[in-house]
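# Structure at a glance
These are the residues of each chain, in order.
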Amino acid sequence: MRQLGLGLTIAAAGLAMALQTARADEELPIGVIAAQSGSFVSAGNTIVGAANLAAQQINDAGGIKVGDKTYKIKLYIRDNRTDVNVTIAAARELVNDIGVKAIWGTETHDFSVSMAKITGPAKVLQFSGNSSLGAVLDNKAVAEDGWLHYTFQSEPQEWQRSGSTGKGVLSLLTPQLKSPPKHSVVFVGNDATGQYLSSHYVKALEAEGQKVDLVQYPPDTTDFSPLLTRIKGMKPDIVHFWYNGDSTLTAFPQALKLGVAPSYFLFGVDPGIYQERSLKADVPVTLSCVPVCWGSSPYPEVKQYFDKYFGLGAAKGPQSSVSLLYYDYFFWYAKALEKVGKIDDPDAVVAELLKSDYKGVVSPVPLVFNKHHQVTFATEVCMVEPNTSDQFKCAVEQPPAAPPPGDNGG
Amino acid sequence: MDIFVQQLVNSLSVASVTILIGIGITLIFGLAGIVNFAHGEFLMVGGMATWFMVGAGMNFFVALVLAGLLVGALGFAAERCLFRFTLNRPMNGFIMSIGLSVILQHAVIRVFNEFQKSITDPVGLVWTIGGVDIIAMRAIVVAITAIIVAITYFGISRSRYGMALRASVADRDTAELMGIPVRRYVTGVFIYGSLLAGIGGALMISLFPITPFTGSVIIIRGFAVSLIGGLGNVGGAVVGGLVLGLVDGLSAGYGYPEWTDAYSLVVMILILVLRPQGLLGGTLGPKAS
């Protein structure tokens, strides 16, 4: 009797293992590296939120049909703790130990570049939403033997984003001012991303005929009043709060109280947040989001997306829209896998991504990767009516055809 | 000239919150001998509690008092459950406090979320005097800070409690032999310092939004203020806060703005090299205990 029991146990264990193996065969392991703790958590959580939503939708729709098999996405989410060393360790684990086929993440240029040095040699695809990757994605880097051949930039090039943003801001503000604006001050955090992004934005504004002063503040500044007082002394027509939505939300109310300028532009501040905070200004204020605003979107697809995204429990914040830099690419990647017919041929998947397009949520125009593995899409800029918190007028501005003078495009 | 006066006014209000956190640190570090790196998170918790209460419809000034009491209670729990076991080993307490700061950050993220929180200006007035814009809430913050500084200063320098406390710092063993309940005094100082952090957090969120990570930034300035002024010296914390506030305000206005933090830390280094005991002198910190 005891032997029979033992035999049944062994048989059951064997069956369980077989089933496990069969189930493992149908899983598509995908890694997500994002800050779920530490100071980048507000951006990091949006990557995780987008990945969870996309994986759930793909799996609920039956999974990805590759050849004669159907794969369900299995996410391996790792918290990088806002630490580049943890990011590298997580990338190594996902690539070497778990064997993921692709990785989504992460929040910043430096972290993404560090990850690419691990994903590249292992031929693991990487989707990173950092416009600053444009500084390293060149012909040599993305060539078949290049270190960024498997890396894709899921945010437009910075000169494109800066160009369309600058044009949108000026077109909305100019009719609101007594005379056409001539003098802009760009106010930006003095960190690597701030320096990179503002270098393009300043040139974009200069290309629109603006005289531009750049004022940089130390990261983590909370009291902006001394710097804003200095800017007030410069008598600008527009103050552009650039790049960091959280810092902008701290600085902007202080600027209003000090009466720094006759108009403002707030980059990375969603109309939804403007409304939620009951912000009000007696002067014209424009806003833009990365990449599309959740609080006032012109596209029904975007609204539906954010309903589902927030429905999964994601918090509403200035950076919630960043999730859209990651969401569409799950579907595009799945489409490429189905077309290639194999999950173990990353070179073919890269080639397929480069020759295909995908109509996603982030853009009404199908997304296409250029030869440097970068996408292009338009920027939405909104203007809030003076003395209101919830009256927005939004416009979608297409990126310029070429970088402005003095901008090498990188 | 207007801009220069505006910068001076700005500097004063910048200094106020720094002074409050500096006083808390200088008392806890200088008098109780505890290096509490989580003191900045205590401030953050005070700010978050204020945000929550004001969001629930409570008057800001009531919320300010309750936030102070709440963080005072948090300080009591931390001292009784954690720091009292490290009084003879300040380094253990220091490391423990770093852990506590991370735990508090993520507890707040878990309870609320990771995004910054703000409240609408409780007063919402701007006075323009001779071309200088004075934000009324900032003036109130300066006034509240001045009242707290006065109470703390006279409490430490004139009251029996303060004298006994200073005696405990000078010679703990003798103070105990004289019947002074040193341990209880340490607890009292810790609670009071924490209470000030709670009030500081409430005042801070009335001026600027805060995030779960605000404390880790402000703690550096708090330690700088208490060291510049002289550990354990309330007047020193005020002077230290004013020095840093002026350096911050004027350097941001007239120097390289991106170096603002560096200017004030260079000043701190210079002062500590030239006057290791701080501008007004103080205790030698935990080692003295």
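Residues numbered from 1 in each chain as written. Chains lettered and ligands numbered in written order. Predicted model: local features only at pLDDT ≥ 70, side-chain atom pairs only at ≥ 80, totals over all residues.

### Concerning the packing of helix α2 (residues 39–55) of chain B against helix α4 (residues 90–111) of chain B
All names here are of chain B. Packing of α2 against α4 leaves a shortest axis separation of 9 Å and a crossing angle of 20 degrees. When the axes of α2 and α4 are compared, the pair comes out roughly parallel. Crossing handedness for the pair α2 and α4: left-handed. Contact residues: Gly 40, Glu 41, Met 44, Val 45 and Met 48 in α2; Ser 101, Leu 104, Gln 105 and Val 108 in α4. Residues that form the contact of α2 with α4 fall into these classes: five nonpolar, three polar and one charged. (Axes fitted to C-alpha atoms, helices over the stretch in contact; angles between N-to-C directions. Helix = DSSP H or I, 4+ residues; strand = E, 2+ residues; numbered from the N terminus. Parallel < 35°, antiparallel > 145°, perpendicular 65-115°, else oblique. Left-handed = near helix turned anticlockwise from the far one by under 90°. Contact = placed C-beta atoms within 7 Å. Nonpolar A, V, L, I, M, F, W, Y, C, P; charged D, E, K, R; others polar.)

### So, the sheet that holds strand β9 (residues 238–242) of chain A
Residue and element names in this part refer to chain A. Overall, mixed pairing links the seven strands, which are arranged β8-β7-β9-β10-β11-β14-β15 in an open sheet. At either margin of the open sheet sits one strand with a lone partner, and together these are β8 (211–217) and β15 (392–397). Neighbour-to-neighbour, the strand axes of the sheet open up by a mean angle of 20 degrees, direction not taken into account. Sitting on the sheet, helix α6 (residues 158–173) touches β9, β10 (264–267), β11 (285–288), β14 (379–384) and β15, and the angle it makes with β14 is about 25 degrees. (Pairing = 2+ DSSP bridges.)

### Observations concerning the nonpolar core
Grouped together as the largest cluster of nonpolar side chains are 205 residues, with contacts concentrated most on Phe 187, Val 239, Phe 241 and Tyr 264 of chain A together with Val 189 of chain B. The biggest single contributor to this core is helix α8 (residues 182–207) of chain B, with 16 residues. (Core = buried A, V, L, I, M, F, W, Y, C linked by C-beta atoms within 7 Å. Buried ≥ 20, exposed ≤ 12 C-beta atoms within 10 Å, placed from the backbone.)

### A short note on the pairing of strand β7 (residues 183–189) of chain A
All names here are of chain A. Among the seven residues of β7, six are classified as buried, and the element is accordingly described as predominantly covered. By the bridge criterion, seven bridges tie β7 to β8 in an arrangement that is parallel. Across the sheet, the residue bridging to Phe 187 is Val 215, located in β8. With helix α7 (residues 192–207) bridging β7 and its parallel neighbour β8, the resulting β-α-β unit is right-handed. Pairing between β7 and β9: five bridges, direction parallel. Counted as the bridge partner of Ser 184 is Ile 238 from β9. (Right-handed = clockwise from strand over helix to strand, strands pointing away.)

### Focus on the sheet that holds strand β2 (residues 64–66) of chain A
Residues and elements named next belong to chain A. Strand order in the open sheet made by the six strands is β2-β3-β1-β4-β5-β6, with mixed pairing throughout. Each edge of the sheet is formed by a strand with only one pairing partner; in this case those strands are β2 and β6 (151–153). Each strand of the sheet is rotated relative to its neighbour by a mean of 30 degrees, with strand direction disregarded. As judged from the three bridges shared by strand β4 (residues 102–104) and strand β5 (residues 125–128), these two strands associate in the parallel manner. By the bridge assignment for β5, Ile 103 is matched with Gln 126. Against the sheet, helix α2 (residues 41–60) makes contact with β1 (27–34), β2, β3 (69–79) and β4, and its axis sits at roughly 165 degrees relative to β3, the strand it touches most. Helix α3 (residues 84–98) rests against β1, β3 and β4 of the sheet, and its axis sits at about 170 degrees to β1.

### A look at the packing of helix α8 (residues 225–234) of chain A against helix α10 (residues 234–254) of chain B
Between α8 of chain A and α10 of chain B, whose axes approach to 8 Å, the crossing angle comes to 30 degrees. As far as their axial angle goes, α10 of chain B and α8 of chain A are roughly parallel. Pair α8 of chain A / α10 of chain B crosses with right-handed handedness. Residue-level contacts link Pro 226, Leu 227, Thr 229 and Arg 230 of chain A of α8 of chain A to Asp 248, Gly 249, Ala 252 and Gly 253 of chain B of α10 of chain B. Residues that form the contact of α8 of chain A with α10 of chain B fall into these classes: three nonpolar, three polar and two charged.

### Some points on the domain arrangement of chain A
All names here are of chain A. In terms of domains, chain A is made up of domain 1 (2–156 + 299–368) and domain 2 (158–296 + 378–397). Placing a centre on the C-alpha atoms of domain 1 and another on those of domain 2 gives a separation of 33 Å. Taken together, the contact pairs 21 residues of domain 1 with 22 residues of domain 2. The set of elements that each furnish at least two residues to the side of domain 1 that touches domain 2 consists of α4 (109–119) and α11 (300–311). Across the side of domain 1 that touches domain 2, the residue classes tally to nine nonpolar, nine polar and three charged. (Domains from an automatic or database assignment.)

### Points about the confidence of the model for chain B
Averaged over every residue, the pLDDT of chain B is 88; residues scoring 70 or more account for 98%. Interface scoring of the predicted complex returns ipTM 0.79; its pTM is 0.82. (pLDDT = per-residue confidence, 0-100.)

### Examining α2 of chain B
Residues and elements named next belong to chain B. The end-to-end C-alpha distance of α2 is 24 Å, a good match for the 24 Å that 17 residues give at a rise of 1.5 Å each. Counted residue by residue, α2 has 15 buried out of 17 residues, so it is predominantly covered. Following α2 by one or two positions, Gly 57 adopts a phi angle in the positive range, close to 105 degrees. (Expected span 1.5 Å × (residues − 1).)

### Some details on the interface of chain B and chain A
Counting residues at the interface gives 29 residues for chain B, matched by 29 residues for chain A. Those elements giving two or more residues to the side of chain B that touches chain A turn out to be α1 (2–31), α4, β2 (132–135), α10 and α11 (260–274) of chain B. The greatest single-element share of the side of chain B that touches chain A, amounting to five residues, is contributed by α1 of chain B. Grouping the constituent residues of the side of chain B that touches chain A by class yields twelve nonpolar, twelve polar and five charged.

### Examining α4 of chain B
With 22 residues, α4 of chain B should reach 32 Å at 1.5 Å per residue; the first-to-last C-alpha distance of 31 Å fits that figure. All of the buried residues in α4 of chain B are Gly 93, Met 96, Ser 97, Leu 100, Ser 101, Leu 104, Gln 105, Val 108 and Ile 109 of chain B. Buried residues in α4 of chain B make contact with α2 of chain A together with α2, α3 (60–81) and α9 (214–229) of chain B.

### Some details on unusual backbone geometry
Residue and element names in this part refer to chain A. Following Gly 105, the chain continues to Thr 106 via a peptide bond in cis, the omega torsion being 10 degrees. Looking at where Thr 106 falls in the secondary structure, it is placed in the loop between β4 and α4. With a phi close to 65 degrees, His 373 is a non-glycine residue in the positive phi region. In this structure, His 373 sits in the loop between β13 (367–368) and β14. Judged by the 23 C-beta atoms lying within 10 Å of it, His 373 falls in the buried class.

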